[in-house]
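Residue-level listing of the chains:
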Amino acid sequence: MAEITKLWIADKMQEIMKHKSIDKIRVTEICKAADIERPTFYYHFRDKYDLVAWMFCKDAYGTDLTSVTSAAAGMNKMKQEILFYKRAYEDSSQNALWRYMVEFFVARYTELVKEKLGTDILDTQLAYSIRFYCMGAVGMTQEWVLMDNITSAETVVEMMFQSMPENMRVILF
């Protein structure tokens, strides 16, 4: 039931973001659109930024981080919902989406690399490379969403994979 409620709230947030930027939206407005009380909202999300990050992560979690096809499919979904993602990525507040995304992908890549290496601990250089790559990939995704209307998702993902630090690429590919 909690998942259904979260999806309902997310759907209403996406509708609101078709007309307003995230910084102009208040939790009260989300609650009104979803026909829920504020405690219900706060039971599921810390704030509106947490909600938007959850929406993105929900979509991104199923992505195979080593597949051009899978990653490009995720980016093409972003293009289909371009207004939502533009509004989300335009926000530059302390709780901006890109910050959540960096941490999300750092955790995913760290988990994947640890699994491939059969270890629980990564050396400092490899951990740095993962953060470096994720910050760059999220930044380039943000740039692609906000400013690039011609480069295909497949091309962007291929360029990202080619830009991956060698120590990561050897492990993942």
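For the structure, check the block above.
Figured I'd write up the structure that's included with this text. Since the structure is predicted, the reported quantities are computational estimates derived from the model, not experimental observations. (Residues numbered from 1 in each chain as written. Predicted model: local features only at pLDDT ≥ 70, side-chain atom pairs only at ≥ 80, totals over all residues. Heavy atoms only, no water.)

With respect to the environment of Met164
At step 1: Within the secondary structure, Met164 sits in the loop between α9 (153-163) and α10 (166-172).
At step 2: Met164 sits 129 residues away from Asp35 along the chain, and the two C-alpha atoms are 45 Å apart.
At step 3: The contact partners of Met164, leaving out residues within four places of it in the chain, are Tyr109, Tyr133, Arg169, Leu172 and Phe173. (Helix = DSSP H or I, 4+ residues; strand = E, 2+ residues; numbered from the N terminus. Contact = heavy atoms within 4.5 Å.)

Regarding helix α5 (residues 68-80)
At step 1: Across its 13 residues, α5 extends 18 Å between first and last C-alpha, which sits within 8% of the 18 Å expected from 1.5 Å per residue.
At step 2: For α5, the complete set of buried residues consists of Ala71, Ala72, Met75 and Met78. End-on view of α5: buried residues confined to an arc of 105°, all on one side of the axis. Exposed residues pointing more than 90 degrees away from the buried face of α5 are listed as Thr69 and Gln80.
At step 3: In this structure, the buried side of α5 is in contact with α4 (48-60), α6 (82-90), α8 (124-147) and α9.
At step 4: Its side-chain oxygen at 3.3 Å from the backbone nitrogen of Thr69, Ser67 defines the N-terminal cap of α5. (Expected span 1.5 Å × (residues − 1). Buried < 20%, exposed > 50% of the residue type's maximum accessible area, 1.4 Å probe, protein only. Arc of directions from axis to C-beta. Polar contact = N/O pair within 3.5 Å; in protein donor to acceptor, adjacent residues only side chain to side chain.)

Examining the packing of aromatic side chains
At step 1: For the coordinates displayed, the defined rule picks out 11 aromatic pairs.
At step 2: Measuring from centroid to centroid gives 6.2 Å for Tyr128 and Phe132, while their planes differ by 20°, and the two rings are stacked. Of this pair, Tyr128 and Phe132 both sit in helix α8, four residues apart, which is roughly one turn of the helix. With respect to class, Tyr128 is no different from Phe132; both count as exposed.
At step 3: In textbook terms, an aromatic cluster arises when at least three aromatic residues are bridged by ring pairs, as seen for Phe56, Tyr61, Phe84, Tyr85, Phe104 and Phe105.
At step 4: One Lys or Arg, Lys58, reaches over the ring of Trp54 and ends 5.9 Å from the middle of that ring. (Phe/Tyr/Trp six-rings, centres within 6.5 Å; stacked < 30°, edge-to-face > 60°. Lys NZ or Arg CZ within 6 Å of the ring centre and 35° of its normal.)

A few points about the pattern of salt bridges
At step 1: Throughout the structure, instances matching the rule amount to seven salt bridges.
At step 2: Asp50 is the salt-bridge partner of Arg46, the closest N and O atoms lying 3.5 Å from each other.
At step 3: Judged by relative accessible area, Arg46 falls into the exposed class, the value being 58%.
At step 4: The salt bridge involving Arg169 is made with Glu166; its shortest N-O contact spans 3.4 Å. Of this pair, Arg169 and Glu166 both sit in helix α10, separated by three residues, roughly a single helical turn. (Salt bridge = Lys/Arg side-chain N within 4 Å of Asp/Glu carboxyl O.)

Notes on the side chain of His44
At step 1: Examined against the element boundaries, His44 turns out to sit in helix α3 (residues 38-44).
At step 2: The exposure class assigned to His44 is buried, which follows from its relative accessible area of 15%.
At step 3: Every residue in contact with His44, bar those within four places of it in the chain, is listed here: Ala2, Thr5, Lys6, Ile9 and Asp50.

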